[in-house]
Amino acid sequence: MFSKILIANRGEIAVRIIKTARRMGISTVVVHSDADAGSMAVEMADEALHIGPSPAAESYLVQDRIVEAVRRSGAEAVHPGFGFLSENPVFARRLEAEGIAFIGPNPHAIEAMGDKITSKKFAAQAGVSTVPGYMGLIESDEHALRIANEIGYPVMIKASAGGGGKGIRVAHSDADMAEGFSAVKAEARTAFGDDRVFLEKFIIDPRHIEIQVLGDKHGTIVSLFDRECSIQRRNQKVIEEAPSPLLDDATRKAMSDQAVALARAVNYDSAGTVEFVAGQDRSFFFLEMNTRLQVEHPVTELITGVDLVEQMIRSAAGERMAFGQDDLKINGWAIESRIYAEDPYRGFLPSIGRLVRYDQPEEGEQDGYTVRNDSGVREGDEISMFYDPMIAKLNTWAPTRIAAIDGMKRALEDTHLQGVGHNVPFLAAVMDQDRFRSGRLSTSYIKDEFPDGFTGAAPDRRRLDILIATAAAMNEILTEQSGDPSDRADWIVLIDRDAHGVSLGYDDEEALTLELAGEDRALHLSEIDWRPGLAQFRAVLDHEPFTAEVARIADGFNIRTGATRARVRVLTPRMAELFARLPEKQAADTSKLIQSPMPGLVVSIAVTVGQEVKAGETVAVIEAMKMQNILKAERDGVVKAVGAQAGDPVAADDVLVEFR
């Protein structure tokens, strides 16, 4: 077994690898860029070595610097994590030539299956059903259009070396293809250093299901069953679970057998994932193979009890697998929510900045569920524009799927972030949806359920009760602390502008009771855990615990419970009557402006002053976190002013173009 390994990665996966290595008694070395000098991974590792500037192309993707770091540290092996050099056969072969173990599959397997084009050819030769497409070299835009018409729209444009949802577009027409083909090539060149692109038929209403495989260097290959990854946005997985609610035992075995057979055909060792696109009828087609550890590996670990990072290390060290297929069983259900630094209320655009507050849910066994939180950042850390905007992977396990979902709802409630936009409210909204809870999933789920984007969720009865009870209790605590002599019991709780009359009292168990005006019921609030200054309000409402995110404002409170957020005021009846007469504040008119939706770099400005622009035409392209975002005009107009040019850094809401 190795005594020291080097981790050629960053963020939460570097932290994840350190935890397993530490448990195995293995010393760790982590490399870092300028941006990651003070990171959590650097703090946790036994050694840390600087390898270059913040852009990945100048640090984490530079093989010479990684190899030099291995030499300097005396590490015997390199774990590449995921992304960066994890699926680069040239890197794996170089390490092999240097006498350094690569904690991943052998270079032949990476080359055969890691490349999306080559892997499909291997799959076809192995008799695995594949999606119709074109795997050859696409010579030009015109060639791409011709192929797309032969396949038939819709067509998926994918970077051959892609991964992590980058370098993917779906084209529904020649116009989409003309724009998307060049965009995918540009993203692929920037993110992977390889601009090869292939095309394949886009399956209508598909599901994304993958099989985790694991092999050693002695010919043993097993399946650790399936994961459902259909909840995606822009081809980036958002919520995963294991096992899939779609599969029956026969289909699960058929997919596993096919995945193992494919892995065996290339003498696969280490952890890998065979991805399938599945129809709602349980038909399935080979999509690609990821020759690395997957982001969503925790859900598999939770239902099998197998530490995949440990098994990768043992395989790389030449150890035989200590278990076989018959030893593996599915136990319970696991859900993973990817918490991103992005603003769901603004089209999920990336958000960068400092994590001013980061309260995490308690890990381990809770009341009927288990929590695991894989994170690579702490309170006070910076979310950088140079890398993926992931903050954490929040996982819950329970004996049943519904219990795991309910556990996730509570874990999301117990997660509090300030300083950057984040998608926790959106994740909470999905957990509440009947469609998700029933398991009726597809890769178009987010587009289907949120066609106009995410604007939060209207409160159901439970969420409304939480808003009323939380605001009333906070007001009561503040009133008591201020020494208010009136001892008032009757209040009006205004949620935005909807009035709810309450009468406060205490029951025999010292729980706060709220009699609701006009309703034949009362709320009972106990075990209140809040004091001024705290950002989370915890209590038990009618025997069910909850956590709400709260903030005091000038005339009340901002409160979020799940996907519902509201401005709440607690007023006397007279003050509520006067407030109702006030006019609503009108939002500023920005209809004539094209503003940068996020901090980033201007790739191009496609218009000039005086130019006539039609609705739908591209106005600008902004790059942030390795993704290119195309901004289009929402209406016809004439350009009055241009506020930026290619190469300029911009902040969120900076005006790029103004129309007359």
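Look up a bit, the structure's there.
Residues numbered from 1 in each chain as written. Predicted model: local features only at pLDDT ≥ 70, side-chain atom pairs only at ≥ 80, totals over all residues. Heavy atoms only, no water.

Right, let's talk about the side chain of Ser337 for a bit. Summarising the element assignment, Ser337 is placed in strand S15 (residues 333-340). Accessibility expressed as a relative area gives 0% for Ser337, which makes it buried. For Ser337, the residues in contact, after removing those within four places along its chain, are Val238, Ile239, Ala392, Lys393, Leu394, Met408, Leu427 and Met431. (Helix = DSSP H or I, 4+ residues; strand = E, 2+ residues; numbered from the N terminus. Buried < 20%, exposed > 50% of the residue type's maximum accessible area, 1.4 Å probe, protein only. Contact = heavy atoms within 4.5 Å.)

Attention shifts here to empty space enclosed by the protein. According to the stated counting rule, one finds 1 cavity of 30 Å³ or more in the structure shown. Of the volumes computed, that of the largest cavity is approximately 60 Å³. In this structure, the largest cavity is lined by Leu412, Glu413, Thr415, Val424, Ala428, Gln536, Thr547, Ala548, Glu549, Arg560, Thr561 and Gly562. In terms of residue count, strand S30 (residues 544-553) provides more of the lining of the largest cavity than any other element does, 3 residues in total. Class assignment for the residues of the lining of the largest cavity results in 4 nonpolar, 5 polar and 3 charged. (1 Å grid on protein atoms, 1.4 Å probe; cavity = no way out; pocket = protein on both sides within 12 Å on 5 of 7 lines; lining within 4 Å. Points joined across faces, edges and corners; volume = space filled by probe spheres on them. Nonpolar A, V, L, I, M, F, W, Y, C, P; charged D, E, K, R; others polar.)

Here the focus is the packing of helix H3 (residues 63-73) against helix H4 (residues 89-97). Packed helices, taken two at a time, are described by the angle their axes make and the gap between the axes. Relative orientation of the contacting elements H3 and H4 amounts to 30 degrees, with a least axis distance of 11 Å. One finds that H3 runs roughly parallel with respect to H4. Like other packed secondary-structure pairs, H3 and H4 cross with a definite hand, here right-handed. Judged by residue contacts, Gln63, Asp64, Ile66 and Val67 of H3 engage Val90, Phe91, Arg94 and Leu95 from H4. Here the residues of the contact of H3 with H4 are counted per class, giving 5 nonpolar, 1 polar and 2 charged. (Axes fitted to C-alpha atoms, helices over the stretch in contact; angles between N-to-C directions. Parallel < 35°, antiparallel > 145°, perpendicular 65-115°, else oblique. Left-handed = near helix turned anticlockwise from the far one by under 90°.)

At a closest axis distance of 9 Å, the pairing of helix H1 (residues 11-23) and helix H11 (residues 308-316) adopts a crossing angle of 65 degrees. Classified by the interaxial angle, the pair formed by H1 and H11 is roughly perpendicular. You can see that H1 and H11 cross each other, and the crossing is right-handed. Touching Arg16, Ile17, Thr20 and Arg23 of H1 are Leu308, Val309 and Glu310, all from H11. For the contact of H1 with H11, a count of residues per class yields 3 nonpolar, 1 polar and 3 charged.

Its location among the elements puts Gln325 in the loop between H11 and S15. A residue is classified by how much of its surface remains accessible, and Gln325, at 32% relative accessible area, is partly exposed. The spatial distance from the C-alpha of Gln325 to the C-alpha of Thr220 is 9.3 Å, given a sequence separation of 105 residues. With near-sequence residues (within four places) excluded, Gln325 lies in contact with Val222, Ser223 and Phe225. Here the side chain of Gln325 touches Ser223 through a polar contact of 2.7 Å, landing on its backbone nitrogen. (Polar contact = N/O pair within 3.5 Å; in protein donor to acceptor, adjacent residues only side chain to side chain.)

Residues Pro89, Phe91, Ala92 and Leu95 constitute the buried set of H4. Mapping the buried residues of H4 onto a view down its axis gives an arc of 160 degrees, with all of them on the same face. Seen from the open side of H4, the exposed residues pointing more than 90 degrees away from its buried face are Val90 and Ala97. Contact partners of the buried residues in H4: H3, strand S4 (77-79), strand S5 (101-102) and helix H5 (107-114). A positive backbone phi angle near 75 degrees is found at Gly99, which sits one or two residues after H4. (Arc of directions from axis to C-beta.)

Most of strand S31 (residues 556-561) is tucked away, with 5 of its 6 residues classed as buried. As defined by bridge partners, S30 adjoins S31 across 5 bridges and the pair is classed as antiparallel. Residue pairing across strands places Glu549 opposite Arg560, the latter belonging to S31. Linking S30 to S31, which pair antiparallel, is a turn of 2 residues. Pairing of S31 with strand S32 (residues 564-571) involves 5 bridges; the strand directions are antiparallel. Paired with Phe557 across the two strands is Val568, which belongs to S32. (Pairing = 2+ DSSP bridges.)

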